[in-house]
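This is what each chain is made of:
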Amino acid sequence: MSASDATPGDPANSAETLILLPMRETVLLPGVVMPLAIGSPAATAALQEAARTEQHVVLVMQREPYAETPGLTDLHSIGTEARLLRYFTGRDGSHNAIVQGVGRVRLMAVHHNAPQSTVTINRIAEPTDRNPEIDARFHQLRERSLEILRLIEQAPAELAATVMAIDQPGALADFVTGLLDLTPFEKEEILETIELLPRLDRVISRLAYRHEVLRLSHDIGQQTRAAMEGRQREFLLREQLKAIQKELGEPDETSPELDDLKRKLEQAEMPADVAVQAKRELRRLERMPEGAAEAGMVRSYLEWLTELPWRIEDAPPIDITEARRVLDEDHFDLDKIKRRILEFLAVRKLNPDGKGPILCFVGPPGVGKTSLGQSIARAVGRKFVRVSLGGVHDEAEIRGHRRTYVGAMPGNIIQAIRRAGERNCVMMLDEIDKLGAGGFQGDPSSALLEVLDPEQNGTFRDAYLGVPFDLSRVLFIATANVLDTIPGPLSDRMELVRLSGYTAEEKVAIARGHLIPRQLKQNGLPDGVVDLDDAGLNLIIDGYTREAGVRNLEREIGAVFRNVAVRVAESKLSHAHIDVDEVGAILGARRFDADVAQHASIPGVATGLAWTPVGGDILFIESSRMPGNGKLILTGQLGDVMKESAQAALSLLKTRAVGMGIEADLFANNDIHVHVPAGATPKDGPSAGVAMFVSLTSLMTGRAVPPTTAMTGEISLRGLVLPVGGIREKVIAAARAGIDTVLLPARNRRDYDDIPPGARERLRFVWLETVDDAIAATIGQGPRSDPQ
């Protein structure tokens, strides 16, 4: 049987023994010409023998690449019979050969004979079947191969001619496989595929992937070249335009802008190191094409440098008398605060270059913290800028973004300096207690440490500017509602100045002196058109607002004046007298009633005083008992400290029960429930200890506490009344709620001078050393009644 008549996959003739050439990670396919570099002595001897005897060799890829003398199991079962076209030795002593694949062979046995190995093989006939499916794949393989060759710019034209000349599907599949950059194992897989249809499918599949990769690479290259050519063309055209304008004597359009930048840089009077940086960036800008993307960023950076106030100017002189007049004109009362501000300004006047403290105004909303900063700026004749820090959670908002980011800008501090136009400004850092928590974007409170430290802010470095800027001449003032959320290191750099809430009398004076004139102006009402009497104003204060400051009060006064403005605009009246009835008709029903009036004098109820971030307030401690086993029930969203105060009060009462005539069985056979309205409002703190003890004592003795008596103070298990904070705010809240007697810890007498005179005149103060003093001042030996 001849090779041409053999069935595909069957031996083409009887077994034959040929020289074996094992290959490491190299596969030769039939019809492919391939150069070989010979390294091992065995392979060199094998090729020399083949050249001498003109025998064919068998090239087979090893399964185990590092086997020195591979056996049959170490080799793939299908190899390639090859013709040795040329064998030569290089000048460096290396051995090289050029071989051409002849056909596929199946390995039968391997013989290791010195000096070379031989292999017994059976030749495998190449299938010659032709049918429509094979012809269709043959046509597709040829077209795909030609498309790939067209995409490869360096491909020689002879390759395309060779592809067109091959008329056998199997031969074309082997030829294309030899050209593809496949792995040796992928080539071996195709070599071992004898049948035409699966072999063509495998080659076409790998050819399609390579075709798509080459097409995308070609498209990317075309786009890159087009973009480069477009930029080069634009650059050349701009250079030609500059040359033409120069020949015609016309000025360059970019020259005036650059000249303007140069002039501003010279006039800015920058420090030497900043000027060096600015000139370096200007030279970069001059070398850049006008349409370059980076040119806009450099130009924006230089504009920021030119617009900052680098020049050192003398601060305007500080007139303490004028400052006192401005503060008195803008703010009612606040004598202690004004005195501290005047001390601060006096030190600034006597030592302008000194590193004075940074003031932080702490107080509830609406008490005038921000307006105090504006008054200070007006008193010293400086520009006022405000930086709102509420919700800032990114360090870059303080220190600026690096210029590598798109849309980078300086931080809020440098932006405020530019708005002010001078370094001798008053900068208010508003709501410093509401800075966002630090995260992956950095901690803004840590960035503020450098700003507020007089020892460091002389060389403040904004990340966008990249050069130091002197903030030592800026008069920083901060505001906050609470101190709990301000980090310790940041709080340590500021001097805290506390502002408390206003009494009703103070609110009347503020409304007459500031709020009413401002609202008349804002609503377009001339003087004399509206007359708001004292009774109406007091109703607005007591019945429609409940706050430490006057913000809501001004809002309600504005609502009244807007109602009058409508009637004046309609020519229905020329003068309005606003009394209690008019206020009720305009604003509706009262929103707030006196809390004391809501509670009757019953056992188990005591009135306490509380401090809140928005001022003082009163709260009611309600106790009741029911049959049970001595359990204490606490409700009203009480915090851990307040719960402990209730437990301490009950323990203290049990230790004194006999002396007060309370039967011990009352505690053992009853459950005690303590509730603090309103239930939806969280409450905490130790200052309700006295009120809880008095409430429980009132409950167990059946004697009621007068509803017009309020108290505050922490208690110990020995019965001592300990001092608490927020006395001024609590006393103001008591006066506002209609209380006439206030029980305070004796050790808080030092806070008596801080209480407004109006509240001191309206209230009676009882100073408590022990809880016995509280009992004597509240329930005493009054009549007993059944607790409810």
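From a predicted model like this one, the values you see are computed outputs, not experimental measurements.

Caption draft 1: Representation of the packing of aromatic side chains in the model. Inspection of the entire model under this criterion finds five aromatic pairs. Relative to Trp767, the ring of Phe765 has its centre 6.1 Å away and its plane inclined at 15°; by these criteria the two rings are stacked. Given the relative accessible area of 15%, Phe765 is considered buried. Overall, the relative accessible area of 18% leaves Trp767 in the buried class. Site record: aromatic cluster; members linked through ring pairs are Tyr752, Phe765 and Trp767. Positioned above the aromatic ring of Trp304, the side-chain terminus of Arg418 is 3.8 Å from the ring centre. Directly above the ring of Phe469 sits Arg423, whose terminal nitrogen or CZ lies 5.9 Å from the centroid.

Caption draft 2: View of the sheet that holds strand E7 (residues 359-362). One open sheet holds the five strands; their spatial order is E8-E9-E12-E7-E13, and the pairing between them is parallel. Taken across any chain shown, the strands that pair with only one partner, and hence form the sheet edges, are strand E8 (384-388) and strand E13 (495-498). Mean inter-strand twist for the sheet, computed between neighbouring axes without regard to direction, equals 25°. Here E7 runs beside E13; their pairing, made up of four bridges, is parallel. Note on E13: the bridge partner recorded for Phe361 is Val497. The sheet contacts of helix H12 (residues 369-380) involve E7, E8, strand E9 (426-430) and strand E12 (475-480), and relative to E9 the element is tilted by about 175°.

Caption draft 3: Region of the structure containing the pattern of salt bridges. Enumeration according to the criterion identifies 41 salt bridges in this entry. Between Asp201 and Arg137 there is a salt bridge, with the nearest N and O atoms lying 2.5 Å from each other. You can see Asp201 sitting in helix H6 (residues 196-248) and its partner Arg137 sitting in helix H2 (residues 132-151), a full 64 residues away along the chain. Take Arg137: its relative accessible area is 23%, and that puts it in the partly exposed class.

Caption draft 4: Examining the environment of Ala396 more closely. Looking at where Ala396 falls in the secondary structure, it is placed in helix H13 (residues 396-399). Distance from Ala396 to Arg473, taken between C-alpha atoms, is 23 Å for residues 77 residues apart in sequence. Setting aside residues up to four positions removed in sequence, Ala396 forms contacts with His401 and Gly411.

Caption draft 5: Structural context of unusual backbone geometry. Even without a glycine there, the phi angle at Glu431 is positive, about 55°. For Glu431, the location among the structural elements is in the loop between E9 and helix H15 (444-452). The phi dihedral of Gln637 is positive, around 55°, even though this residue is not glycine. By the secondary structure assignment, Gln637 is in the loop between strand E18 (632-635) and helix H21 (640-655). Judged by its relative accessible area of 43%, Gln637 is partly exposed.

Caption draft 6: Inspection of the layout of surface pockets at higher detail. Size it by volume and the largest pocket reaches roughly 950 Å³. Surrounding the largest pocket, 40 residues form its lining, Arg498, Leu499, Ser500, Arg728 and Asp754 being those nearest its centre. Within the residue set of the lining of the largest pocket, elements represented by two or more residues are helix H11 (335-350), E13, strand E16 (605-612), helix H24 (727-736) and helix H25 (757-762). Examining the composition of the lining of the largest pocket, we find that six residues originate from one element, H11, more than from any other. In the lining of the largest pocket, the residues fall into 17 nonpolar, eight polar and 15 charged.

Caption draft 7: Molecular detail of the sheet that holds strand E20 (residues 709-711). Spatially, E18-E19-E17-E16-E20-E23-E24 is the arrangement adopted by the seven strands of the open sheet, whose pairing is mixed. Single-partner strands in this sheet number two, and they are E18 and strand E24 (764-768). With direction set aside, neighbouring strand axes in the sheet form an average angle of 30°. Where E16 lies against strand E17 (residues 615-627), eight bridges are found, and the strand directions are antiparallel. Bridging across to E17, Thr607 finds its partner in Phe620.

Caption draft 8: How the structure looks around the environment of Val57. Tracing the sequence through the fold places Val57 in strand E3 (residues 57-61). For the pair Val57 and Leu84, spaced 27 residues apart in sequence, the C-alpha to C-alpha distance is 7.5 Å.

Caption draft 9: Main features of the nonpolar core. By size, the foremost hydrophobic cluster in this structure holds 56 residues, and its most contacted members are Leu305, Met427, Leu429 and Ile432. Ranked by residue count, the leading element in this core is helix H9 (residues 293-307), at six residues. Those residues in contact with Ile432, other than ones at most four positions away along the chain, are Cys360, Leu389, Leu448, Leu452, Ala478, Thr479, Ala480, Ile486, Leu490 and Met494. By size, the runner-up hydrophobic cluster in this structure holds 54 residues, among which are Met428, Leu532, Tyr544 and Val550.

What counts as what
- Residues numbered from 1 in each chain as written.
- Predicted model: local features only at pLDDT ≥ 70, side-chain atom pairs only at ≥ 80, totals over all residues.
- Heavy atoms only, no water.
- Phe/Tyr/Trp six-rings, centres within 6.5 Å; stacked < 30°, edge-to-face > 60°.
- Buried < 20%, exposed > 50% of the residue type's maximum accessible area, 1.4 Å probe, protein only.
- Lys NZ or Arg CZ within 6 Å of the ring centre and 35° of its normal.
- Pairing = 2+ DSSP bridges.
- Helix = DSSP H or I, 4+ residues; strand = E, 2+ residues; numbered from the N terminus.
- Axes fitted to C-alpha atoms, helices over the stretch in contact; angles between N-to-C directions.
- Contact = heavy atoms within 4.5 Å.
- Salt bridge = Lys/Arg side-chain N within 4 Å of Asp/Glu carboxyl O.
- 1 Å grid on protein atoms, 1.4 Å probe; cavity = no way out; pocket = protein on both sides within 12 Å on 5 of 7 lines; lining within 4 Å.
- Points joined across faces, edges and corners; volume = space filled by probe spheres on them.
- Nonpolar A, V, L, I, M, F, W, Y, C, P; charged D, E, K, R; others polar.
- Core = buried A, V, L, I, M, F, W, Y, C linked by side-chain atoms within 4.5 Å.

That's the geometry; what it means functionally is another story.
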